[in-house]
Amino acid sequence: MNIIAAVDQNWAIGNKGELLVRIPNDQKHFREETTGRVVVLGRKTLQTFPQGLPLKNRTNIILSRDTEFNVKDAVTVHSLEELLEELKKYRTEDIYVIGGESVYRQLLPYCDTAHITKIDRAYEADTWFPNLDEDPDWEITADSEEQTYFDIAYTFLKYEKRGNFT
């Protein structure tokens, strides 16, 4: 299972329910990775999407503790156990966890690949992704050349859980 996020140099991912910054090439990378696949996200993350609607051309699975919460054109599950059962219907390499913070933390142990856009800047933030650089179970297995968007430098990194690659 994959996990995908854009983080700043402190592994922050958001502030007041919004992304820290919108980088068009990062958004393109996200679309290329997830289109035609399964995305797993929380209710709050869904609410940040345009009109609060599921992402097009993907199977959207929403994790929400609110048993009354349902979304047209998405699968809604209400517990980690229910989610893991639902995910058995799909190929693990086609599943992408896309946020937010609590969903990332709950599902990171089940993931073996992390696609991280690392932004070389520190932002004011109130939500974070677990720091994979400090986690001995993860290592960088691929990285891009440094790229820039105006004055923002960033790189695309691929982390893999140790023991899961050759």
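Source: prediction; values computed, not measured. (Residues numbered from 1 in each chain as written. Predicted model: local features only at pLDDT ≥ 70, side-chain atom pairs only at ≥ 80, totals over all residues. Heavy atoms only, no water.)

Asks: Describe helix H1 (residues 24-34), listing the residues and the values that go with them.
Replies: Asp-26, His-29, Glu-33 and Thr-34 are the residues of H1 that are buried. Take H1 and look down its axis: the buried residues cluster within an arc of 110°, on one side only. As for H1, its buried residues are in contact with strand E1 (2-7), strand E4 (38-42), strand E7 (95-99), strand E8 (113-119) and strand E12 (152-161). Of the residues one or two after H1, Gly-36 is the one with positive phi, at around 80°. (Buried < 20%, exposed > 50% of the residue type's maximum accessible area, 1.4 Å probe, protein only. Helix = DSSP H or I, 4+ residues; strand = E, 2+ residues; numbered from the N terminus. Arc of directions from axis to C-beta. Contact = heavy atoms within 4.5 Å.)

Asks: Let's hear about unusual backbone geometry: which residues, and what values?
Replies: Cis geometry marks the peptide bond from Gly-99 to Gly-100; its omega dihedral reads 0°. Secondary-structure assignment places Gly-100 in the loop between E7 and helix H4 (101-107). Even without being glycine, Gln-51 reaches a positive phi, approximately 55°. Relative to the assigned elements, Gln-51 resides in the loop between helix H2 (43-47) and strand E5 (59-63). The phi torsion at Asp-73 lies on the positive side, around 65°, for a residue other than glycine. Along the polypeptide, Asp-73 turns up in the loop between E5 and strand E6 (75-77). Residue Asp-73 is classed as exposed on the basis of its relative accessible area, which comes to 63%.

Asks: Provide a residue-level description of helix H3 (residues 80-87), including the pertinent values.
Replies: What H3 keeps buried is the set Leu-80, Leu-83, Glu-86 and Leu-87. Down the axis of H3, the sector holding all buried residues measures 120°, keeping them to one side. Residues of H3 that are buried make contact with E4, E5, E6, E7 and H4.

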